[in-house]
Amino acid sequence: MKKLCLLVLAACISLAGCQPANVLSAKWDTGVSGANAQTRCERVDMRDKSEMGVIFAKYDGWKLIYVSEYTTGNKVGTDAAVCFERAK
């Protein structure tokens, strides 16, 4: 009986830990031709406003061209990849 209880408990824990990821993304046209473009991408913790402020201030004057947000049901908060571009 103890083995069955442990097996059921292990199954429940493994199912709770394997939740699907929620990924949202958006891309905008840059308008800058290939050789003249400078592109930079950064990982951003969307829960931390001060971190976001530092990263976005670093790219002041650049155009935001891509955002991809990632989270799961068992993760607190959202991570994102953001890409910026400007002409050289």
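S.K.: Explain the sheet that holds strand 4 (residues 79–87) to me, please; I cannot follow it from the model alone.
M.R.: In a beta sheet, neighbouring strands pair by backbone hydrogen bonds and run either parallel or antiparallel. Pairing within the open sheet is antiparallel, and its four strands lie in the order 1-3-4-2. In this open sheet, the two strands that pair with only one neighbour each are strand 1 (21–27) and strand 2 (37–45). Averaged over neighbouring strand pairs, the angle between their axes works out to 10° when direction is ignored. Note: strand 3 (residues 63–72) against strand 4, seven bridges, orientation antiparallel. In the strand pairing of strand 4, Leu64 is matched with Phe84. The strands touched by helix 2 (residues 49–58) within the sheet are strand 2 and strand 4, with strand 2 carrying the most contacts at an inclination of about 175°.

S.K.: I'm lost on the side chain of Ser68 in this one. Help?
M.R.: By secondary structure assignment, the location of Ser68 is in strand 3. We classify Ser68 as buried; its relative accessible area is 14%. Setting aside its immediate chain neighbours within four residues, Ser68 contacts Val23, Leu24, Ser25, Asp79, Ala80 and Ala81.

The rules behind each value
- Residues numbered from 1 in each chain as written.
- Predicted model: local features only at pLDDT ≥ 70, side-chain atom pairs only at ≥ 80, totals over all residues.
- Heavy atoms only, no water.
- Pairing = 2+ DSSP bridges.
- Helix = DSSP H or I, 4+ residues; strand = E, 2+ residues; numbered from the N terminus.
- Axes fitted to C-alpha atoms, helices over the stretch in contact; angles between N-to-C directions.
- Contact = heavy atoms within 4.5 Å.
- Buried < 20%, exposed > 50% of the residue type's maximum accessible area, 1.4 Å probe, protein only.

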